[in-house]
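Spelled out from the first residue to the last, the chains are:
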Amino acid sequence: MTEASLYDQILDFANRANPWPLYEKLRSQPVWQESDGTFVVSTYREIYALMHDPRLSSDMTNLLPQFADRVPPAEGPHSFITTDPPRHDVLRRLAMRQFGPPHRPDLIDKLTPALSAIVAGLIDKIAEKQEVDLVDEVAYPFPVAVICHLLGVPPEDEPKFSAWVNPIVNALARPTPEQAQARDDARQHMSNYMFELAQRRRTEPGDDMISGYVTDDGPDGRLEGGDLFATLMLLLIAGHETTVNLITNGWLTLQRHPDVLERLRTEPRFAIRLVEELLRYEPSVHILPFRTAVADIEIGDTTIRKGHPIAVMLASGNRDPECIPHADRFDPDRADNVHLSFAGGIHYCFGAPLARLEAQIALTQLAKRLHNPRLVADPPPYRPSPVLRGPIHLPIAYESILPS
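This structure is a prediction, so every number in the text was calculated from the model and none was measured.

K.L.:
Which residues make up the packing of aromatic side chains, and what values go with them?
P.N.:
Each aromatic ring pair is characterised by the separation of its centres together with the angle its planes make. Here the structure, examined in full by the defined rule, presents eight aromatic pairs. Directly above the ring of Trp 20 sits Arg 319, whose terminal nitrogen or CZ lies 3.7 Å from the centroid. In this structure, Arg 319 packs its charged tip against the face of Tyr 281, placed 4.0 Å from the ring centre.

K.L.:
Pulling in residues and values, what's your account of the nonpolar core?
P.N.:
Judged by nonpolar contacts, the single largest core of 123 residues is most densely connected at Phe 161, Trp 251 and Ile 304. For this core, the element with the highest residue contribution is helix H17 (residues 352–369), accounting for 10 residues. With residues up to four places along the chain from it excluded, the contact list for Ile 304 reads Val 31, Phe 39, Val 41, Leu 50, Ala 293, Ala 295, Asp 296, Ile 297, Ile 299 and Ile 310.

K.L.:
Can you tell me about the pairing of strand E5 (residues 288–293), naming the residues and giving the values?
P.N.:
Most of E5 sits inside the fold, with six of its six residues counted as buried. Pairing of strand E3 (residues 56–57) with E5 involves two bridges; the strand directions are antiparallel. Residue Ser 57 lies in a different strand from E5, and its bridge partner there is Thr 292. Here E5 pairs with strand E8 (residues 310–312) via two bridges, running antiparallel. Considered in E8, the bridge of Leu 288 is made with Val 312.

K.L.:
Go over the packing of helix H8 (residues 141–151) against H17 with me, naming the residues and quoting the values.
P.N.:
One way to put it is that H8 packs onto H17 with a least axis distance of 11 Å and a crossing angle of 140°. Compared by their axis directions, H8 and H17 come out oblique. Where H8 crosses over H17, the handedness of that crossing is right-handed. Together, Phe 142, Pro 143, Val 146 and Leu 150 of H8 and Leu 354, Glu 358 and Ala 362 of H17 make up the contact between the two elements. Classifying every residue of the contact of H8 with H17 by side-chain character gives six nonpolar, no polar and one charged.

K.L.:
So what's going on with the sheet that holds strand E10 (residues 374–375)? Residues and values would help.
P.N.:
Strand order in the open sheet formed by three strands is E4-E11-E10, and the pairing between neighbours is antiparallel. With partners counted over all chains shown, the strands left at the sheet margins are strand E4 (131–133) and E10, one partner each. Sheet analysis places E4 next to strand E11 (residues 395–397), joined by three bridges and oriented antiparallel. Its bridge partner lying in E11, Glu 131 is registered against Ala 397.

Cut-offs and rules
- Within every chain, residues take consecutive numbers counted from 1 along the sequence as written.
- For a predicted model such as this one, the threshold for reporting local features is a pLDDT of at least 70, and the threshold for listing and counting side-chain atom pairs is 80 or more; totals across whole chains, interfaces and linings nevertheless cover every residue.
- Calculation of side-chain values draws on the structure's entire complement of heavy atoms; hydrogens and water are dropped beforehand.
- Pairing of aromatic side chains here covers Phe, Tyr and the six-membered ring of Trp, requires ring centres within 6.5 Å, and sorts the geometry by plane angle: under 30 degrees stacked, over 60 edge-to-face, intermediate tilted.
- The criterion is that NZ of a Lys, or CZ of an Arg, lies within 6 Å of the ring centre and within 35 degrees of the ring normal, and then a charge sits over that ring.
- Among the buried residues, those of types Ala, Val, Leu, Ile, Met, Phe, Trp, Tyr and Cys that are joined through side-chain atoms within 4.5 Å form a nonpolar core.
- Relative accessibility thresholds used throughout: buried, under 20% of the residue-type maximum; exposed, over 50%; partly exposed, between the two (1.4 Å probe, protein chains only).
- Helix numbering and strand numbering both begin at the N terminus, where a helix is a DSSP run of H or I of at least 4 residues and a strand a DSSP run of E of at least 2.
- Whether two residues are in contact is decided by their heavy atoms: any pair within 4.5 Å suffices.
- Only strands joined by at least two bridges in the DSSP assignment are considered to pair.
- Interaxial angle, 0 to 180 degrees, is taken between N-to-C directions of lines fitted to C-alpha atoms, where a helix line uses only the stretch in contact.
- For classification, angles of less than 35 degrees are called roughly parallel, those exceeding 145 degrees roughly antiparallel, those between 65 and 115 degrees roughly perpendicular, and all remaining angles oblique.
- Here a crossing is taken to be left-handed if its near helix is turned anticlockwise relative to the far helix by less than a right angle, and right-handed if that turn runs clockwise.
- Gly is placed with the polar residues, together with every amino acid not listed as nonpolar (Ala, Val, Leu, Ile, Met, Phe, Trp, Tyr, Cys and Pro) or charged (Asp, Glu, Lys and Arg).

Dropping the structure here:
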């Protein structure tokens, strides 16, 4: 029987709770080629260089024909994260126009009071309990409420999204036929819903992003048709799924480092440094699985061949001791903190400011209001996905909830 490769072991659910020893072995060689033709890039310098290399493609139609079964079936236009320039640049400008600078530069900053109120309300709801699942009660409903508010999705429709998003996320990397079918069904349901919601916003526009997309004639025109639906699906999924993991991974890490948790209770501005280190140490996105090359790329003593699949191991790069001193140590006071958790180059996550702010607010309020919190299970159970990694549940116990 052939021994599983390091990459296969990382994808194996059995290693979801602790993939870090496998990443350490993977970094002994910056670039590996799997027997199926996939190139796996794991070290900080090589990942950083690759993400800024114009020969790296996010458009999976550039894969050689023998790798066509590695990606979801092409159904209509793709979002900007799965396209290359110049199409990528137009779609990203259209999406960004309703989210941040230069058109709406203070959108996120002005949300701060509302974000604090949402978290306070969620914590108030668990005041009568002494044991809860932090994912179900705070880490999931908070970012879902925020992205639905931004997009203009009615609050009563929020519960639909977990039923649609989970099959899509679970089918990242190497889906089974059953996972692929569940993903396709979920995409269809979500597309139908978005089509109906966009129609409503055209006739009854509000101050939300969907209304802006379907009514604003900016320099690049409107975001319409398949481009609109691909972008909305991306924003709904990326706009909350990664933040759920950031908050959950963050609280798990704080419970494992009680001295740091105590500092968060007492130092008002500590949350900024803390969240930046959490992004490095326990990132939400571990792997960028859908990349290829439009030409041969010489990197890390290896030649990545044109048209082959590429897996970019962001979490491994974040723990690369060749670039980050004591990389396996959780140290919010580290100087010149750098990480790859929001990817890089033209595909740097444009939702990063919102994700940072949500995590800072949620973790700070939890630290200040939960009296004597403790983990019920360590490690907790994890989500199936090796790409977006985090606990599926995080049971915690506490003595009481303090006033806000």
